[in-house]
Amino acid sequence: MSSSQQSKPSPSPLTTNEPGSFAAFSLEQRLPTILDQLIQYADTSVVHALQQLATEMQTGTISALPPAIFGTLDQALQPYIGRNWANMPFLTVELYFYARILLAFGYTAITPIDPFQTAKEAANDQAIAALASQPEYCDPTCEIDKLLHRAVIGNTADLSQHIMPTHEQVTLLIDESEVAKKLLTTGMQRIDLVFDNAGADILTDLLLIRRISPYCTHIVAHVRPYPMFISDMTLVNMKALLEKLLASSIPAARQLGQDITQLLHQNKLILRTSPALGVPANFYDNAALTQAIFGNAELVIFKGDLNYRFFAGDQRWLHTTEKNHLLQHFGRSALCLRTIKSEVLVGLTSEIVDHTRTLRSDWLTCGCYGIIQVFAQ
Ligand SMILES: O=P(O)(O)OC[C@H]1O[C@](O)(CO)[C@@H](O)[C@@H]1O
C-alpha cells in the first residue's frame, strides 16, 4: 500500500442526496416499492403506520427511534433527527427504514415480529427442494472453489432487489478462489462468516461451512440481530431452517441438516447474533468494533453486498483503490463473496472498471457481476 494512500482521508459516504445515485434511486423507487408490497398484505392496524411511513419518506424528516430495541441504532441516528430523508447517509437511512417497518408491525424485544418471515421461509423451502438436483454441490467432498463460486451465485437470492439476475447471468469480475482455498485450508483456529440472505444464499453458506470445517478449529457464524433488508437471516430463521433440513425428505438436505447440527453440538460451529450488524458501522477502520465482534478470528468471510458495505464502509471508494488499504486496522484477513448490488467496491484494475462499464452502465447494482475477493494479512 502506497504511503499516499495511508494518509488519504476516507472517501465520502454514499448519501441519498446524490442525484442519479443508487441511494437516491432506492429512496425514490426501491424502498417505496418494498413498502407498497408490505401494505398490500398487512393487517389494517399496520397499514396506517406503513402509509404514514411512506408519506414521511417523501416529505417528512427523520424522527427518533425508541432506545435499545435495535441495539444502538437509535444513538447512531441521533445526529440526523430532523433531517430530510433525501439528505441522509445511505446505509443509515436503509437501516432506519427497516427499523421503522418493524415498529409499524409492533416489533419489540419481547415481541420480535418478523414481517419478512413468510418470504424467507418460502425462499428456504425452494432452496431446500433445489438441493435434490445439485448432487455435486451437496457432495461433502465437493471442491472448495466450486462451493465458493456457488456461494456467489447464491447471493443473487436477495428479495430487496429491484431486479434479480438468474445464476447464468452472473459474471465474476474478481475470482481469487484459488487464493481463498489456500487460506481456508491452512489450519486456522477461528474463521468467522457473516451470513446474509435466506434461500440459496444461506444454503450455499452451510455447504461451504461443512466443507471447510475440518480445516479449522472453530467457525463463528453471525446472523442479523433483527429482521432487515427482507431476506436477511436471523437466529429464529436459522433455527427454523435447520429443523426443515433435518425433517426434509431429500437425503442431501437431511444430511446437511445433520452435519450442521453435529458441528453445533460439537461447538465447532457457533451461531451468534451480533448487534454491530444492525447499525451503520464499518469494520475496516474500527479496530475496537472488529475485535469486539470477530475476536481472534484469523479470517472473516463477508457474504453478500450489505456485509461488504459493513466491511469497507458505505463510502464512495475509487474502485481501483488498492484493496489492502482496508486491512490497516482490520487485524486479520477477509474473504468477500458477493454479487455486486451497490456502488461500494475496491481492488479492481482500471481496465476491468472501464470494460465492465461499457457492457452495462448499471454494472454496480444489477447483481449480474460478482466477486470472490481476498484481503490477505
Ligand atoms: O443481500 P445483499 O447481497 O446483502 O444485498 C443487499 C443490498 O442490496 C441493496 O438492498 C440494493 O443494492 C443494498 O441496499 C444492500 O446492500
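Just so it is clear, the model here is predicted, and its values are computed rather than measured. Here the residue numbers are simple positions, counted from 1 along each chain's written sequence. The predicted origin of the model limits local features to residues at a pLDDT of at least 70 and limits the giving and counting of side-chain atom pairs to 80 or more, whereas totals for whole chains, interfaces and linings rest on all residues. Side-chain measures were taken over the full set of non-hydrogen atoms in the model, leaving aside hydrogen atoms and water.

This next bit is on the site of the ligand. Around the ligand, a shell composed of 16 residues is seen, among which R30, E94, D158, R309 and K341 lie nearest. One of the side-chain N or O atoms of R309 is found 2.7 Å from an oxygen atom in the ligand. Relative to its unbound accessible area of 390 Å², the ligand is 100% covered by the protein chains. Secondary structure elements follow DSSP: runs of H or I of four or more residues count as helices, runs of E of two or more count as strands, with numbering from the N terminus. At the level of elements, α2 (22-41), α5 (90-104) and α14 (305-312) are the ones that each hand at least two residues to the shell around the ligand. Top element by residues in the shell around the ligand is α14. It accounts for 3 residues. Amino acids outside the nonpolar list (Ala, Val, Leu, Ile, Met, Phe, Trp, Tyr, Cys, Pro) and the charged list (Asp, Glu, Lys, Arg) are all regarded as polar, and Gly is one of them. For the shell around the ligand, the per-class residue count stands at 4 nonpolar, 5 polar and 7 charged. Three or more residues apiece are contributed to the shell around the ligand by two domains, here domain 1 (22-105) and domain 2 (117-375). Each residue is tested against the molecule or strand, and it is near if at least one of its non-hydrogen atoms lies within 4 Å. In the analysis that follows, any N or O atom pair within 3.5 Å is treated as a polar contact, provided that within protein one partner can donate a hydrogen and the other can accept it, and provided that, for residues neighboring in sequence, both atoms belong to side chains. Accessible areas in this description were obtained via Shrake-Rupley with a 1.4 Å probe; residue shielding takes into account the shown protein chains only. Domain limits in this description derive from either an automatic procedure or a database domain assignment.

What follows deals with α2. Between the first and last C-alpha of α2 there are 27 Å, a value that for 20 residues agrees with the 28 Å anticipated at 1.5 Å per step. Largest kink in α2: about 35°, centred on E28, with the proline P32 one to four residues after it. Only protein chains enter the calculation, and the probe is 1.4 Å; a residue is then buried if its accessible area is under 20% of its type maximum, exposed if over 50%, and partly exposed in between. When α2 is considered as a whole, its buried residues turn out to be F22, A23, A24, S26, L27, R30, L31, P32, I34, L35, L38 and I39. A contact between two residues is defined here by any heavy atoms of the two lying within 4.5 Å. On its buried face, α2 sits against α3 (44-59) and α5. Given a helix with a known number of residues, its expected span is that number minus one, times 1.5 Å. Consider a residue and the seven residues that end there alongside the seven that start there; fitting an axis to each set, the bend is the angle between those axes.

Time to look at the domain arrangement of the chain. Interfaces are often sized by the amount of accessible area the parts lose when they come together. Taken as a whole, the chain is organised into domain 1 (22-105) and domain 2 (117-375). Measuring from the centre of the C-alpha atoms in domain 1 to the corresponding centre in domain 2 gives 26 Å. Counting residues at the interface gives 15 residues for domain 1 and 18 residues for domain 2. For the pair domain 1 and domain 2, the summed buried area comes to about 1600 Å², and 73% of that belongs to carbon and sulfur atoms. Its largest share of buried area at the contact with domain 2, domain 1 owes to F22, L91 and L95, together 39% of the area lost on that side. We count a salt bridge whenever a side-chain nitrogen from Lys or Arg sits within 4 Å of a carboxyl oxygen from Asp or Glu. Joining domain 1 to domain 2, the criterion identifies 1 salt bridge. Residues R309 and E94 are paired through a salt bridge, measuring 2.7 Å at the closest nitrogen-oxygen approach. Once two parts are joined, some of their accessible surface, as seen by a 1.4 Å probe, is lost; buried area is that loss totalled over both.

With that settled, the discussion passes to helix α9 (residues 177-184). Those residues of α9 not exposed but buried are S177, A180, L183 and L184. Summarising the axial view, the buried residues of α9 lie within an arc of 115°, below the 170-degree limit, and thus occupy one face. For this quantity, the arc is that covered by the directions from the helix axis to the C-beta atoms.

Moving on to unusual backbone geometry. Even without being glycine, A68 reaches a positive phi, approximately 75°. Considering the arrangement of structural elements, one finds A68 in the loop between α3 and α4 (73-77). With a phi angle near 65°, N267 is a residue other than glycine that sits in the positive phi range. Relative to the elements of secondary structure, N267 occurs in the loop between α12 (251-265) and β4 (269-273).

The aromatic pairing rule takes the rings of Phe, Tyr and Trp, using the six-membered ring of Trp, and pairs them if the centres are within 6.5 Å, calling planes under 30 degrees apart stacked, those over 60 edge-to-face and the rest tilted. Using the criterion set out here, one finds 16 aromatic pairs in the structure. Aromatic pair F22 and F90: ring centres 6.3 Å apart, planes at 70°, arrangement edge-to-face. Of the two residues, F22 sits in helix α2 while F90 sits in helix α5, which places them 68 residues apart along the sequence. Across the pair, F90 and F22 agree in class, each one buried. Ring plane angle 75° and centroid distance 5.0 Å describe the contact between F97 and Y98, whose orientation is recorded as edge-to-face. The buried category is assigned to F97, whose relative accessible area is 0%. In this structure Y98 comes out as buried when scored by relative accessible area, which is 0%. Grouped by ring-pair contacts, the aromatic residues F283, F294, F302, F311, F330 and F375 constitute a single cluster.

Let us look at the sheet that holds strand β6 (residues 333-339). One key point about sheets: their strands pair by backbone hydrogen bonds, in either a parallel or an antiparallel sense. What makes two strands pair is DSSP finding at least two bridges between them. Spatial ordering of the open sheet is given by β1-β7-β6-β5-β2-β3-β4, a layout of 7 strands whose pairing is mixed. The strands lining the two open edges of the sheet, one partner per strand, are β1 (171-175) and β4. Each neighbouring strand pair of the sheet contributes to a mean axis angle of 15°, computed without reference to strand direction. Pairing analysis gives 5 bridges linking strand β2 (residues 190-194) to strand β3 (residues 218-223), with the strands arranged parallel. If you follow V194 over to β3, its bridge partner there is H222. Where helices are involved, their axes are fitted lines through C-alpha atoms of the stretch in contact, as for all axes, and angles between N-to-C directions lie from 0 to 180°. Sitting on the sheet, helix α8 (residues 144-154) touches β1, β5 (299-303), β6 and β7 (369-375), and the angle it makes with β6 is about 50°.

Attention now moves to the environment of A247. Positionally, A247 belongs in the loop between α11 (235-246) and α12. The spatial distance from the C-alpha of A247 to the C-alpha of V344 is 40 Å, given a sequence separation of 97 residues.

In this section: the environment of L50. Here L50 lies in helix α3. Using a relative accessible area of 0% as the deciding quantity, one classes L50 as buried. Residues L50 and H355, 305 residues apart in the sequence, show an inter-C-alpha distance of 42 Å. Beyond its immediate chain neighbours, meaning those up to four positions away, L50 contacts L35, L38, I39, A42, I101, A104 and F105.

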